[in-house]
Every structure is written in C-alpha cells, then in structure tokens.
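Each chain, written out:
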Amino acid sequence: MSADGFGSGPPPGARADWTIDQNWEAYSQAEHDVWITLYERQARLLPGRAADPFLKGLEALDLHRAGIPDFARINEELRRLTGWTVVAVPGLVPDDVFFDHLANRRFPAGQFIRKPDELDYLQEPDIFHDVYGHVPMLTDPTFADYMQAYGEGGRRALGLGRLHNLARLYWYTVEFGLLETQQGLRIYGAGIVSSFAESVFALDDPSPNRLGFDLERVMRTPYRIDDFQQVYFVIPSLQSLLDATLQDFGPIYSRMAAATDIPIEAVLPQDRVFTRGTQAYAQKGGRNAA
Ligand code: PHE
Ligand code: FE
C-alpha cells in the first residue's frame with residue numbers, strides 16, 4: 001500500500017527506497033502468537049471462500065502456523081515461481097516509491113504486526129495484511145504480471161494526474177476483488193482474505209452490490225477505506241483482468257477527465273448484477289452503528 005503527503009525522504013534507519021531489514025530474529029513470541037491466531041482463524045474460514053490461486057500460493061509459500069514468516073525464506077520460493085520478492089518497509093510508503101517497487105517485482109510489506117487487542121481493525125497495513133493477504137497471489141504468473149504492470153501504470157498515472165482513477169482499479173481488484181468460478185464467487189482481494197469479518201461479509205452479506213468488473217466503470221467508482229465495501233467487482237478470470245489492463249490507458253484517462261463519479265451504491269442498467277445489495281449495513285451506519 002502507499003500514501004501521499006509525505007515529507008521529502010525515508011524515515012531514519014530506512015534506505016533511500018524506504019526498505020529496512022525485516023530483522024526476523026527480533027520478533028517476540030507474543031508477536032508470533034498474533035500471526036498464529038490470525039492465520040488459524042483464516043485457515044478455518046477460507047477453504048471454499050478464497051480463490052484457488054490464493055490457496056495454492058499460501059500452500060506453496062508454506063505461510064504456516066509457526067509464526068511470522070522470514071522473508072528470506074519465502075523469497076527463495078517466490079523468486080523461483082514468478083521472480084517476485086517481498087521487501088520490508090516501516091509502514092506506508094509514498095506512491096512513487098511504491099510503484100517503483102512493484103514495477104521491479106518487489107512487494108513492500110509492513111515489518112510490524114498488529115497488537116493482540118486490535119486483531120480486527122487497522123489504520124495501516126501490517127505484515128499480516130501485506131504478507132498473508134497479498135503475497136500468495138504473487139505466486140500466480142498472471143497476477144504477478146498484472147502487479148508489475150500496475151506499478152508501471154502507476155508511475156504514468158501519477159505523471160498525468162489520474163492516480164485517483166487508477167487507485168480505484170487497485171482497490172477493487174488487488175484489495176477487494178472477487179473472482180467468478182463454476183463453484184460460485186471466490187475472494188482474491190488481499191483486504192478481504194486478511195480480514196476475518198470481511199471474508200464473510202464480502203460473499204454472504206445481503207448488503208453490498210456484487211457487480212461484473214468493467215474497467216472504466218471501476219475507475220469512476222469511489223471506495224470506502226474505513227468500513228466494509230458497499231460494492232465488490234467480480235472478474236471472470238485473472239487473465240481477463242490482465243488483458244483489460246494491457247491496453248494503453250491514455251484514451252481512458254482522457255475520458256476520465258470529463259467523466260463524473262458513479263455513486264458508490266449505484267447499480268447501472270449496463271451492470272452485470274451478481275447481487276443487488278440491500279445496502280442495509282451501510283444505511284445503518286456500518287461499523288459505527290449503535
Ligand atoms: N496499461 C496501463 C497504461 O497504459 C498500465 C496498467 C497496467 C495499469 C496494468 C494498471 C494495470 O497506463
Ligand atoms: Fe493491501
């Protein structure tokens with residue numbers, strides 16, 4: 001993940017590209033236990049919910065129950081499978097730094113883990129979100145190419161002043177994407193698979209809309225960073241996602257400059273509707289409801 005509004009350079013102790021040593025030996029048993037607790041909750045929930053490439057990646061990297069994984073270990077296998085590596089960063093990094101890492105097949109992951117009393121809600125992505133949530137999908141060759149292309153596309157969008165449109169694509173795919181399969185909808189988005197509550201909500205709750213993915217539609221749809229999503233977008237395959245994004249976004253960005261945002265809860269006549277949500281959860285005030 002990335003954020004803007006930073007000062008000029010990396011924090012003290014970080015390298016120019018914002019990376020730090022993971023310092024795996026320094027994690028306490030209490031920190032490993034947080035990983036284990038989170039891992040075991042998701043392990044019970046995700047079979048039959050998470051997409052196959054995610055579950056396969058989890059298996060391949062052996063992100064097992066023994067605690068926080070050592071990046072040096074997972075990188076051996078990840079590099080072999082798709083040429084990606086995970087690098088440690090202190091927290092959110094500036095957009096240009098983030099895109100540069102992705103374009104070079106490096107995924108920046110938070111080095112720290114959440115505290116035992118904040119298992120369910122985080123302000124900033126930690127190592128569980130970043131590694132458990134994101135890294136398994138990077139073992140899939142198609143998704144691996146998509147993420148690298150996104151990094152290159154991010155640098156371009158930044159230069160063109162259209163990052164807010166491109167960020168929505170990241171949000172509704174990499175973070176909150178759903179995949180259509182013959183067995184039903186499956187989760188591949190990291191923000192969902194790393195969240196106990198949203199792993200259920202995203203698939204089972206009657207509240208959110210679940211709509212077919214359409215690139216320009218997604219780029220015009222705002223998102224929520226503070227609560228469950230009001231809309232999820234469903235892709236037919238990872239290949240179709242990669243294919244849709246391989247085109248030149250220049251003409252799309254020109255159209256975006258003139259286009260209006262689509263209200264977050266809207267269902268349009270041209271939408272392919274998997275679920276027309278009740279929006280009851282959002283209307284009741286979401287997580288802040290009494
Ligand atoms: N094709 C996009 C462009 O021309 C780049 C991109 C690729 C963006 C993949 C997102 C995902 O800018
Ligand atoms: Fe993320």
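Our subject is the structure listed above.
These notes cover the structure that comes with them. Note that the structure is a prediction, hence the values are computed from the model and not measured. (Residues numbered from 1 in each chain as written. Chains lettered and ligands numbered in written order. Predicted model: local features only at pLDDT ≥ 70, side-chain atom pairs only at ≥ 80, totals over all residues. Heavy atoms only, no water.)

**Let's talk about the overall build of the chain**
Working step 1: Scanning the chain from terminus to terminus reveals 13 helices and seven strands.
Working step 2: For a compact globule of 290 residues, the expected C-alpha radius of gyration is about 19 Å, and the chain comes in at 18 Å, within 12% of that figure.
Working step 3: When the backbone C-alpha atoms are referred to their principal axes, the chain occupies close to 55 × 40 × 40 Å.
Working step 4: Across the 290 residues in the chain, those meeting the buried criterion constitute 52%. (Helix = DSSP H or I, 4+ residues; strand = E, 2+ residues; numbered from the N terminus. Rg over C-alpha atoms; globule rule 2.2 N^0.38 Å. Buried < 20%, exposed > 50% of the residue type's maximum accessible area, 1.4 Å probe, protein only.)

**Observations regarding unusual backbone geometry**
Working step 1: At Trp18, a position not held by glycine, the phi torsion is positive, near 75°.
Working step 2: Mapping Trp18 onto the fold places it in the segment before α1 (29–45).
Working step 3: For Asn23, which is not a glycine, the phi torsion comes out positive at approximately 55°.
Working step 4: Structurally, Asn23 can be placed in the segment before α1.

**What about the site of ligand 1?**
Working step 1: As a structural note, the neighbourhood of ligand 1 is formed by Tyr146, Ala149, Tyr150, Gly153, Arg156, Leu166, Leu169, Thr245, Gln247, Asp248 and Phe249.
Working step 2: At 2.6 Å from an oxygen atom of ligand 1 is found a side-chain nitrogen or oxygen belonging to Arg156.
Working step 3: Between ligand 1 and Gln247, the relevant distance is 2.7 Å, taken from a nitrogen atom to a main-chain nitrogen or oxygen of the residue.
Working step 4: Within the complex, 91% of the 330 Å² of free accessible area of ligand 1 lies under protein.
Working step 5: By residue number, the principal contributor to the shell around ligand 1 is helix α6 (residues 141–160), which donates five residues.
Working step 6: Of the residues assigned to the shell around ligand 1, the class counts are six nonpolar, three polar and two charged. (Near = heavy atom within 4 Å. Polar contact = N/O pair within 3.5 Å; in protein donor to acceptor, adjacent residues only side chain to side chain. Areas by Shrake-Rupley, 256 points an atom, 1.4 Å probe, with all protein chains shown as cover. Nonpolar A, V, L, I, M, F, W, Y, C, P; charged D, E, K, R; others polar.)

**Let's talk about the packing of aromatic side chains**
Working step 1: Here the structure, examined in full by the defined rule, presents 18 aromatic pairs.
Working step 2: Aromatic pair Trp171 and Tyr223: ring centres 4.2 Å apart, planes at 10°, arrangement stacked. Of this pair, Trp171 sits in helix α7 (residues 163–175) while Tyr223 sits in the loop between α10 (215–219) and β6 (231–235), placing them 52 residues apart in sequence.
Working step 3: You can call Trp171 buried: its relative accessible area is 8%.
Working step 4: One aromatic cluster is present, formed by Trp35, Tyr39, Phe54, Phe128 and Tyr132 through successive ring pairs. (Phe/Tyr/Trp six-rings, centres within 6.5 Å; stacked < 30°, edge-to-face > 60°.)

**Let's talk about the nonpolar core**
When a protein is soluble and globular, its nonpolar side chains tend to lie buried together.
Working step 1: Counting residues in each nonpolar core, the largest one holds 81 residues, and the members touching the most others are Trp35, Val131, Phe143, Met147 and Leu166.
Working step 2: Looking at this core, the element that brings in the most residues is α7, giving seven residues.
Working step 3: Setting aside residues up to four positions removed in sequence, Leu166 forms contacts with Tyr150, Gly153, Gly154, Ala157, Met219, Phe249 and Tyr253. (Core = buried A, V, L, I, M, F, W, Y, C linked by side-chain atoms within 4.5 Å. Contact = heavy atoms within 4.5 Å.)

**As for the pattern of salt bridges**
Working step 1: If you walk through the whole model with that rule in mind, you get 13 salt bridges.
Working step 2: In this structure, Arg168 engages Asp261 in a salt bridge whose closest nitrogen and oxygen atoms are separated by 3.0 Å. Taken together, the residues span a long stretch of sequence, with Arg168 in helix α7 and Asp261 in the loop between α12 (250–258) and β7 (273–275) at a distance of 93 residues.
Working step 3: Here Arg168 falls in the buried class, since its relative accessible area comes to 8%. (Salt bridge = Lys/Arg side-chain N within 4 Å of Asp/Glu carboxyl O.)

The quantities given are spatial measurements derived from coordinates; they are silent on function.
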